[in-house]
Amino acid sequence: MHSTKLYPRTALALLTTLNLLNYIDRSVLFAVQLLVQTEFHLTNTQVGYLTSAFLGFYMIAAPFTGPLADRYSRKLIIVLGAVFWSGLTLLTAVTHTYWELLVRHTLVGIGEATFVTIAPTFVADLFPQEQRGRIFGIFYLAIPVGTAAGYLLGGKLGPSMGWRFPFYIAAFPGFLLALAVWFLPEPPRGQFDTLKETPDRATWHGLIRNPAFWAVTLGMAAGTFSLGGIQVWMPTFLSRARGYTLESANLIFGKIVVVDGILASLIGGWLGDRLLPRMKGSYYFVSALSMGLGVPVMIVGLFSPGRLMLPAIAVAAFLLLLNTSPLNTALVNSVGAHIRATAIAVNIFIFHLLGDVPSPTLMGIVADRHSLQAAFILPVIAMAVSSAILFYGMRFAPAVQTQNPLGASGPHR
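Residues numbered from 1 in each chain as written. Predicted model: local features only at pLDDT ≥ 70, side-chain atom pairs only at ≥ 80, totals over all residues. Heavy atoms only, no water.

K.L.:
Lay out the side chain of Thr 95 in plain terms, naming residues and giving numbers.
P.N.:
Tracing the backbone through its elements, the reader meets Thr 95 in the loop between helix H3 (74-90) and helix H4 (98-124). Given the relative accessible area of 2%, Thr 95 is considered buried. Sequence-distant contacts of Thr 95, defined by excluding residues within four places in its chain, comprise Glu 100, Leu 101, Arg 104, Trp 163 and Arg 164. (Helix = DSSP H or I, 4+ residues; strand = E, 2+ residues; numbered from the N terminus. Buried < 20%, exposed > 50% of the residue type's maximum accessible area, 1.4 Å probe, protein only. Contact = heavy atoms within 4.5 Å.)

Listed below in structure tokens is the structure:
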């Protein structure tokens, strides 16, 4: 009995740690991009394109890995992907031109796509359905904590050791974690699902006509446009437009993201689970409300250079990150287990295509033509659009079964 309880927790811990490393690897560049820009004499548009190209290849790789994971061993694909991206991260040692860095960065994106597409389906099959919001709250702690760790690692080591050094530190743990994941048993697909796998929930045709899936995907796309642009350009904005040193800008923003991210990920997942027995669209509702409330706060943070600036940025970041766990739970619940990796792959392709693939480059173009401050109008608009889509999408949420206070299982009303 003890080992039965220990296994899902151990698996969750290992996959969460690997997810953490995934986000450290990609966000180190954000912290050192001013150093890269200086060494290679790059425009803002070229710097923004590094992240856009990474996410572009990451996005293109997802639809190939998703269907594979619905047919073959998820564990094997996760392990191979982790080894691939960790090895490529080490190749930063021989990166001496902008084009070499661009190629390295795009190939890392292909490796990381395997994990982000497949790992959530693995996690969803470890715990009961009514706990998914909280479980994904733990798993997706990796996004803010890993991103913040990348800012802190790059911000601390980049100025003193050179911008390449932090990538070496970020690469090595990936090999060890891949080895540990190899020894995990793979859980049965959909073992805790309560909804039947009807054609609408379990086929390609059904996916195309599934409004619950499309609402969460398009809501994610608008939110990711906002988050992607902000995380790429915020340290540079604080340094160039607000007078902070690059190291202090990374330190401040890194602290904001890690504290907000931990609280937001856990609270968002908990709120979604808590409201689920009363509201079938609870995960959509929590995300929509947080996005809508974040719009006026973000405006204050970006366009008020006084004492309110940093507190407003901190509150806005919390509201922006609050949607992570609920939206990923809504995505998993919108489809059946045997098409889940494919659905996540399609979701990744679309929300990156419309979200953080174009946003860093578009913000770079606006910054080059007007100002970096003006460029931040784009993510503010995207937050408002995300909120509207998710409020509309609440009506399409599937009525999953939960345990009521008396212990009987029953659907939403």
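K.L.:
For helix H18 (residues 377-393), give the residues involved together with the corresponding values.
P.N.:
The end-to-end C-alpha distance of H18, which contains 17 residues, comes to 25 Å, matching closely the 24 Å that a straight helix rising 1.5 Å per residue would cover. Considered for burial, the residues of H18 that qualify are Pro 379, Val 380, Ala 382, Met 383, Ser 386, Ser 387, Leu 390 and Gly 393. All buried residues of H18 project into a common sector of 155° when viewed along the axis, lining one side. (Expected span 1.5 Å × (residues − 1). Arc of directions from axis to C-beta.)

K.L.:
So what's going on with the nonpolar core? Residues and values would help.
P.N.:
Of all hydrophobic cores here, the largest spans 70 residues; its most connected members are Leu 15, Leu 18, Ile 78, Phe 115, Phe 139, Val 181 and Tyr 284. Once residues lying within four places of it in the same chain are set aside, the contact partners of Tyr 284 are Ala 212, Ala 215, Val 216, Ala 330, Leu 390, Gly 393, Met 394 and Ala 397. The next biggest cluster of nonpolar side chains, apart from the first, holds 47 residues, and it includes Ala 53, Phe 167, Ala 316 and Leu 372. (Core = buried A, V, L, I, M, F, W, Y, C linked by side-chain atoms within 4.5 Å.)

K.L.:
Would you mind going over the packing of aromatic side chains in detail, with residue names and values included?
P.N.:
Applying the stated criterion to the full structure yields 13 aromatic pairs. A centroid spacing of 6.2 Å and a plane angle of 35° characterise the contact between Phe 115 and Phe 139, whose relative ring orientation is tilted. Taken as a pair, Phe 115 in helix H4 and Phe 139 in helix H5 (residues 132-139) lie far apart in primary sequence, 24 residues in all. We classify Phe 115 as buried; its relative accessible area is 0%. For Phe 139, a relative accessible area of 2% gives the class buried. Taken together, the ring pairs in this structure connect Trp 85, Phe 115, Phe 136, Phe 139 and Tyr 140 into an aromatic cluster. Here the basic side chain of Lys 75 rests over the ring of Trp 182, its NZ or CZ set 5.3 Å away from the ring centre. (Phe/Tyr/Trp six-rings, centres within 6.5 Å; stacked < 30°, edge-to-face > 60°. Lys NZ or Arg CZ within 6 Å of the ring centre and 35° of its normal.)

K.L.:
Could you give an account of a nonpolar patch on the surface, with specific residues and numbers?
P.N.:
Together, Leu 76, Leu 80, Leu 179, Trp 182 and Phe 183 give the surface a local cluster of nonpolar side chains, amounting to about 570 Å² of exposed area. Mapped by element, the contributors of at least two residues to the nonpolar patch are H3 and helix H7 (165-182). In this structure, Leu 76 sits in helix H3. By relative accessible area, Leu 76 is classed as partly exposed at 38%. (Patch = residues over 30% accessible without salt bridge, like charges linked within 9 Å, V, L, I, M, F, W, Y side chains within 5 Å. Areas by Shrake-Rupley, 256 points an atom, 1.4 Å probe, with all protein chains shown as cover. Salt bridge = Lys/Arg side-chain N within 4 Å of Asp/Glu carboxyl O.)

K.L.:
So what's going on with the pattern of salt bridges? Which residues, and what values?
P.N.:
This structure, assessed with the given rule, holds four salt bridges. Residue Arg 164 is joined to Glu 39 by a salt bridge in which the shortest nitrogen-to-oxygen separation is 2.9 Å. Here Arg 164, found in the loop between helix H6 (142-161) and H7, pairs with Glu 39, found in helix H1 (residues 2-40); they are 125 residues apart in sequence, far enough to count as distant. Among the residues examined, Glu 39 registers a relative accessible area of 36% and is labelled partly exposed. Arg 134 is the partner of Asp 273 in a salt bridge, and the nearest nitrogen-oxygen pair spans 2.8 Å. With Asp 273 in helix H11 (residues 246-275) and Arg 134 in helix H5, this residue pair connects regions lying 139 residues apart in the sequence. The buried category is assigned to Asp 273, whose relative accessible area is 8%. Judged by relative accessible area, which is 38%, Arg 134 ranks as partly exposed.

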